[in-house]
Amino acid sequence: MLEQCDVGIVALDPRHKSHNIPGKFLTYMQAGIPVLARINPHNDLESLINSERVGKVCTGGDAATLQRMVEELVDGLVDGLVDNQEMLDGAKQRGRALWMRLFSTKAAVEQIVRAIEAPRSQSVLILNQFFYPDVSATAQHAFDLACYLQNNGDQVSALASRSTYGQSGGRLEADETVHGIRIHRVGSNVFRKRSLLSRSVDFTVFNLAGFLKALTLPRHDVVICLTTPPFIALIGLFLRWIKGSKFVFWTMDLYPEVPLAAGVIKRGSLTHRIFDRLDRFCLTQADAVVVLGRCMRELVLAKGVDPAKVTTITPWADADEVRGVHGDGDRATNIYRAEWEIGDRFVIEYSGNCGIGHDVSSVCQAMLELRGDDQIRWVFVGGGVTRPRIEEFVQKHGIKNVIMKPYQPRARLGDLLSLGDVHLVLVADRFEGLLLPSKFYGVMAAARPTIYIGPAASEVARVIAEESCGFAVANGDCASLVAAIRQLQSIPGSAEAMGARGLAALERAYSTRIGCAAWQRCIRQLG
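Residues numbered from 1 in each chain as written. Predicted model: local features only at pLDDT ≥ 70, side-chain atom pairs only at ≥ 80, totals over all residues. Heavy atoms only, no water.

1. Focus on the pattern of salt bridges
Pairing is possible between side chains that carry opposite charge, provided their charged atoms lie close to one another.
Part 1: Here the structure, examined in full by the defined rule, presents 19 salt bridges.
Part 2: Residue glutamate 391 is joined to arginine 387 by a salt bridge in which the shortest nitrogen-to-oxygen separation is 3.1 Å. With glutamate 391 and arginine 387 both in helix 14 (residues 387-397) and four residues apart, this pair spans about one turn of that helix.
Part 3: Judged by its relative accessible area of 35%, glutamate 391 falls in the partly exposed class.
Part 4: A salt bridge links glutamate 467 to arginine 508, with the nearest nitrogen and oxygen atoms 2.7 Å apart. Taken together, the residues glutamate 467 in helix 17 (residues 459-467) and arginine 508 in helix 19 (residues 492-510) connect sequence positions 41 residues apart. (Salt bridge = Lys/Arg side-chain N within 4 Å of Asp/Glu carboxyl O. Helix = DSSP H or I, 4+ residues; strand = E, 2+ residues; numbered from the N terminus. Buried < 20%, exposed > 50% of the residue type's maximum accessible area, 1.4 Å probe, protein only.)

What follows is the structure in structure tokens.
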């Protein structure tokens with residue numbers, strides 16, 4: 001009987017709101033019969049028929065309208081562009097192809113198999129001393145990842161401190177749920193960051209409190225440990241042994257290499273040997289190790305880690321957070337330029353932590369050389385143990401074109417990043433591969449150029465060379481730093497072009513979505 005049909009009709013009661021595909025439509029497709037569907041507008045069947053070009057849809061009108069559309073379909077009057085036989089043959093072929101692709105027995109079996117093989121939702125615990133609402137880089141990245149995993153089917157919890165970065169005392173709630181993420185908080189900083197000894201005490205207290213709290217939590221499929229405080233990865237290792245969780249080591253920096261490079265401990269000392277063995281043990285026992293860049297990967301592999309376990313996922317940034325602020329490059333509308341009375345001056349910005357891995361000597365000398373230029377403003381936003389050196393230098397030499405500000409809320413990140421006409425990224429000598437300043441990727445998201453000051457072998461220097469999105473200057477080379485600043489100041493188009501290339505590179509390879517998706521693939525491969 002179907003062989004005698006030129007057109008099949010599917011009619012649903014206008015009161016019928018279902019988005020299901022009627023069985024008779026599948027029968028028509030299997031037989032290669034074009035359809036005329038009388039259905040509600042915006043129905044799923046309407047989209048399918050139009051996109052696959054297997055018939056026509058009538059979403060209103062009376063019986064005369066329906067009769068006219070049947071005649072158009074049969075008589076080949078569709079827009080007057082094709083004749084009857086070509087239209088019918090094409091619709092028949094497309095209908096059979098649609099049925100084979102989506103509705104045949106083979107297609108149904110394949111869909112069932114894919115559903116069975118699809119990765120199941122996993123419970124994930126993220127361990128780091130700092131987490132939401134903290135503004136430190138590790139806290140923001142951990143929260144970005146938690147949100148992505150939670151929004152893409154996983155169940156995420158976090159274990160962090162009740163204190164915020166650089167502050168003493170417990171100020172945050174012990175338990176809180178944010179965007180579906182359950183946050184457990186323990187302990188508090190007692191001494192802030194006053195000395196190496198006081199920080200070591202705070203680290204030890206948090207690690208102990210975190211370990212005890214982790215034991216009381218339900219088992220998680222995956223435990224992700226960052227590196228603040230040092231050796232928090234031991235908690236992940238214990239949970240792997242005790243509860244059978246998969247342990248992933250996210251190496252935001254490397255210990256004991258960081259204190260070794262800073263001269264805090266001596267190579268070959270008892271402390272160095274103990275810390276090195278602990279770190280190697282955690283790395284080799286982890287189910288997966290995530291490193292930030294190529295230099296760091298080489299150092300981790302040198303510790304004897306199986307290359308198959310190591311995944312490189314760089315820090316990231318989200319261009320959407322600054323979209324609408326940097327989009328038209330209108331500096332006059334930036335709120336910080338008004339608040340801090342900067343006006344239209346050329347801004348050289350450093351935002352974030354300024355710690356032991358950042359050499360500020362070249363920056364200080366450049367500030368001294370350019371102190372007489374009132375059309376320049378050096379803006380430092382954030383904190384860190386090295387920041388007082390900058391403040392003391394500015395005060396000692398009476399430099400007036402410098403602005404020093406504390407950390408700003410993440411909600412104003414777009415305004416902060418778009419403030420600078422150029423941003424500084426610093427890495428001290430001997431620290432290449434030990435840390436990777438995440439601020440670099442935020443600068444790319446803001447479509448601003450970067451002046452990187454540090455070792456040429458670092459990940460930042462490599463990306464700048466590959467993407468032509470800024471300048472790379474060696475530590476101590478004040479002349480090249482000043483020359484780069486003067487070029488960007490005098491040729492705005494050069495800065496804009498570098499910023500545009502940086503943004504394009506970010507969206508292609510370093511966005512939040514790309515980084516977090518790589519993370520989810522990594523943990524789901526663990527089974």
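Further notes follow.
2. Digging into helix 1 (residues 23-31)
Part 1: Residues of helix 1 that are buried: Phe25, Tyr28 and Met29. The arc that holds every buried residue of helix 1, seen down its axis, measures 100°, which confines them to one face.
Part 2: One or two steps after helix 1, the chain reaches glycine 32, where phi turns positive at roughly 75°. (Arc of directions from axis to C-beta.)

3. Things to note about the side chain of threonine 251
Part 1: Looking at the element boundaries, threonine 251 is found in the loop between strand 9 (246-250) and helix 9 (257-261).
Part 2: Under the relative-accessibility criterion, threonine 251 is labelled buried at 0%.
Part 3: Excluding anything up to four places from it in sequence, threonine 251 contacts Thr227, Leu283, Val289, Val290, Val291, Leu292 and Met296. (Contact = heavy atoms within 4.5 Å.)

4. Here we look at the sheet that holds strand 6 (residues 175-178)
Part 1: Strands sit in the order 6-7-5-4-8-9-10-11 across an open sheet of eight strands; the sheet is mixed. Every interior strand has two partners, whereas the edge strands, strand 6 and strand 11 (310-312), have only one. Here the average twist between neighbouring strands, direction ignored, is 20°.
Part 2: On top of the sheet, helix 10 (residues 270-285) reaches strand 9 and strand 10 (288-291); it is set at about 125° to strand 9, its chief contact. (Pairing = 2+ DSSP bridges. Axes fitted to C-alpha atoms, helices over the stretch in contact; angles between N-to-C directions.)

5. Description of a nonpolar patch on the surface
Part 1: Taken together, Leu208, Leu212, Leu215, Phe238, Trp241, Ile242 and Phe281 make up a surface patch of nonpolar side chains, about 670 Å² in accessible area.
Part 2: Among the structural elements, phenylalanine 238 can be located in helix 8 (residues 233-243). (Patch = residues over 30% accessible without salt bridge, like charges linked within 9 Å, V, L, I, M, F, W, Y side chains within 5 Å. Areas by Shrake-Rupley, 256 points an atom, 1.4 Å probe, with all protein chains shown as cover.)

6. Thoughts on the sheet that holds strand 3 (residues 55-58)
Part 1: The sheet built from three strands is open, its strands ordered 1-2-3 with parallel pairing. This sheet does not close on itself; its edge strands, each paired only once, are strand 1 (8-11) and strand 3. Sheet twist, expressed as the average angle between the axes of neighbouring strands with direction ignored, equals 15°.
Part 2: Sheet topology places strand 2 (residues 35-38) next to strand 3; four bridges connect them, and they run parallel. For arginine 38, the partnering residue across the bridge sits in strand 3 and is cysteine 58.
Part 3: Contacting strand 1 and strand 2, helix 1 runs over the sheet at an angle of about 165° to strand 1.
Part 4: Strand contacts of helix 2 (residues 44-52): strand 1, strand 2 and strand 3, with the helix running at about 145° to strand 3, the strand carrying the most contacts.

7. Details of the confidence of the model for the chain
Part 1: When pLDDT is averaged along the chain, the result is 86; 86% of the residues meet or exceed 70.
Part 2: Per-residue pLDDT stays below 50 along residues 77-82; that stretch engages in five contacts with residues further than four places along the chain or on separate chains.
Part 3: Residue range residues 324-328 is modelled with pLDDT below 50. Its contacts to residues more than four positions away, or to other chains, number ten contacts. (pLDDT = per-residue confidence, 0-100.)

8. Some points on the pairing of strand 1
Part 1: Burial along strand 1 is one-sided: the face carrying Gly8 and Val10 is buried and the face carrying Ile9 and Ala11 is not.
Part 2: Pairing analysis gives four bridges linking strand 1 to strand 2, with the strands arranged parallel. Bridging across to strand 2, isoleucine 9 finds its partner in leucine 36.

9. Here's the deal with the nonpolar core
Part 1: Among the nonpolar cores identified, the biggest contains 91 residues, and Ile224, Trp250 and Trp519 are the most heavily contacted of them.
Part 2: Considering each element in turn, this core owes the most residues, seven residues, to helix 6 (residues 137-151).
Part 3: Apart from residues no more than four positions distant in its own chain, isoleucine 224 is found in contact with Val124, Leu125, Ile126, Leu127, Leu145, Val248, Trp250, Trp519 and Ile523. (Core = buried A, V, L, I, M, F, W, Y, C linked by side-chain atoms within 4.5 Å.)

10. Overview of the packing of helix 11 (residues 294-301) against helix 17
The relative placement of two packed helices comes down to the angle between their axes together with the axis-to-axis distance.
Part 1: Two elements in contact, helix 11 and helix 17, have axes whose closest approach is 7 Å; the angle formed by their N-to-C orientations is 140°. Classified by the angle their axes make, helix 11 and helix 17 are oblique. Only Glu459, Arg462, Val463 and Glu466 of helix 17 make contact with helix 11, whose side of the interface consists of Arg294, Cys295 and Glu298.
Part 2: Here the contact of helix 11 with helix 17 is built from residues that sort into two nonpolar, no polar and five charged. (Parallel < 35°, antiparallel > 145°, perpendicular 65-115°, else oblique. Nonpolar A, V, L, I, M, F, W, Y, C, P; charged D, E, K, R; others polar.)

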